[in-house]
Amino acid sequence: MVTSELRLEEAVVVSQEEVCQDTYLLWLSCPPLAKGAAPGRFVMLLCGEGFDPLLPRPMSYHRFRQVGGETQWAILYDVRGRGTRWLSQRRPGDHIWAFGPLGRGFAPERGATNLLLIAGGLGIAPIIALADAALAQGRTVTLLYGAKTASKLLPPSYFPTDLEIVFATEDGSHGHHGLVTDLVPSFLPWAHQAFVCGPTGMYRELANVLRGVSSTAKVQVLMEEHMACGTGICYGCTTFTRKGPRLVCRDGPCFALEDLY
Amino acid sequence: MNIAVEIGGRGKRGLLLSNPVMVASGCFGNGIEFRRLFDIDRLGAIVSKGITLRPRQGNPQPRLVETPAGLINSIGLQNIGVGRVIKELAPIWATWRVPVVANIAGESVEEYASLAAQLDGTPGVSALELNISCPNVENGLEFACHPPLAAEVTAAVRRCTALPVIVKLSPVAPNLVAVAQAVVEAGADALTIANTYPALAIDIWSARPVPSFGGGLSGPAIKPLTLRLVSEVAREQLGVPIIGCGGISTWQDAVEYLMAGASAVQVGTITFRNPRAPLEVLEGLESFLQQQGIEDLSQIVGAALGS
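Residues numbered from 1 in each chain as written. Chains lettered and ligands numbered in written order. Predicted model: local features only at pLDDT ≥ 70, side-chain atom pairs only at ≥ 80, totals over all residues. Heavy atoms only, no water.

Tallying secondary structure elements over chain A gives six helices and 16 strands in all. Relative to the compact-globule value of 18 Å for 261 residues, chain A shows a C-alpha radius of gyration of 18 Å, a close match. When the backbone C-alpha atoms are referred to their principal axes, chain A occupies close to 50 × 40 × 35 Å. Within chain A, the proportion of its 261 residues that are buried is 56%. Computed over 23 positive and 24 negative side-chain charges, the separation of the two mean positions in chain A equals 6 Å. (Helix = DSSP H or I, 4+ residues; strand = E, 2+ residues; numbered from the N terminus. Rg over C-alpha atoms; globule rule 2.2 N^0.38 Å. Buried < 20%, exposed > 50% of the residue type's maximum accessible area, 1.4 Å probe, protein only. Lys, Arg positive; Asp, Glu negative; His and termini not counted. Charge placed at Lys NZ, Arg CZ, Asp CG, Glu CD.)

The subject of this paragraph is the side chain of T196(B). Residue and element names in this part refer to chain B. The residue T196 is located in the loop between strand 10 (190-193) and strand 11 (197-203) in this model. Within the structure, T196 has its side chain in polar contact with the side chain of N195 (distance 3.4 Å). Residue contacts for T196: discarding those within four places in its chain leaves N73, P135, P171, G216, L217 and S218. (Polar contact = N/O pair within 3.5 Å; in protein donor to acceptor, adjacent residues only side chain to side chain. Contact = heavy atoms within 4.5 Å.)

Residues and elements named next belong to chain A. Each assigned domain of chain A is listed here: domain 1 (4-102) and domain 2 (114-259). A C-alpha centroid distance of 21 Å is found between domain 1 and domain 2. With 25 residues of domain 1 at the interface, the matching set in domain 2 holds 25 residues. When the two sides are added together, the surface that domain 1 and domain 2 hide from each other amounts to roughly 1,900 Å², 62% of it contributed by carbon and sulfur. For the domain 1 face of the interface with domain 2, the top three residues by lost area are H62, R63 and L76, together amounting to 27%. The salt bridge involving K152 is made with D78; its shortest N-O contact spans 3.5 Å. Summed over the shared surface of domain 1 and domain 2, the result is eight residue pairs in polar contact (both at pLDDT 80 or more). Contributing elements (two or more residues each) for the side of domain 1 that touches domain 2: strand 1 (9-20), strand 2 (23-29), strand 3 (42-45), strand 4 (57-60), strand 5 (63-67), strand 6 (70-78) and strand 7 (95-102). Per element, the largest residue contribution to the side of domain 1 that touches domain 2 is three residues, and it comes from strand 6. (Domains from an automatic or database assignment. Buried area = accessible area lost by both parts, 1.4 Å probe. Salt bridge = Lys/Arg side-chain N within 4 Å of Asp/Glu carboxyl O.)

Here it is, written out as structure tokens:
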């Protein structure tokens, strides 16, 4: 039985701005894709007209806001190739075809009042959605946020004021000089749960760091893999977990770190 | 307007499609994924993901590379194996109105025969599609390129099942017409033309091929190539229906394939871009036929082949 129809919807560009070097914030109006949206879930965006580029790009929900009774949503993305370059050229009023929401997002437990969020680079995109939601639920949230260099960090004004933020840069141009995972041992014992998004190398490093930390906090990470469909039909985004092969798009993208590394 | 398509028949159990729009193997999961997302019962048929004798985890990453209007994939037949398909999936398929064609892939004649024997009589399985043309497993193309081998595997399957047998051919067989003739003589009830084209991309920053051992190219880029193959085989009038499969992305593409001699079509890669694409192809085809005053689908099948 058809319970909710999945179809291409027309999203209207509300605004587009470059928020740090090569990173764009795109606000969209598309109520059907706001319904069921949650931190860690994603949408597929068609990044071009015609059949080239062919495949939609998966993008995490980055932020939500209420405007005149409507929930608008945003994505945050880097310009990396043809698709994202096309996306960065859309202007207010332009239309973008999209479908979703897809995947299984972050799952903060009811009793987890202290949340540690860890973001590396563009991994900040879904982490902010989670921070906004967790703060609205009255949880206490600390964010460890790392990037290669200061120009790739979002400015502090971008974040809610109730959020504690600790910055790290690999070149030392802002905050802790080193990897964001270096900061984890000092903060994890306080946390009831931790949520992570960044490159896979960061997850591997985090798993190493965690072996030396005494904490019962469950760690959830958001996986990324090349996808064709986003809906569980192409089997392109398989990741090999301790529990067997899993589809990032359908079984994830949120996974328990302990199942991966 | 009659748009039903019959496959098989010939005195055995046939497969009647309510319309000519099917979904291609590997491009629709096992149907279960989309069951709640749109009305899949409207499709002509669903072809399952490739089923093997034993479970397979499939190939390592990277599995996908986007190319101009195309996609190279190297999934490697990730699937749960025929035993679990029969236990877990077929009972669900059996409750659907849309017929499900089980796509099977073996490494030997014996494996194909065993797969066919196990699936024969399984409620929920309406036909078999023999994948003798997967480029992403070792020797996957062996059977598809040699007419005697293709005939041998078809005959072995034929002996093990009363289900309609569809053979999915490779677009890179050196002599596709000879392969088609051989499998029809060996008892094939229909031909799917064709599978993906073996292809490769290079990651210039690491100087490595992607996928690591190449993969199969699909999508709009291959449509003109496969369309020609369909017309070549259709001209031979082998007496079995041809199912066109290659880059069909719009209803116009489907009409082209039908006019080139296909009796039905499979929609594949475009579903990754638009989940409703198979239904949109069907809807567009229906209104085209209506507009043109065509009463029976068979009137346009092969219309572009001439005398």
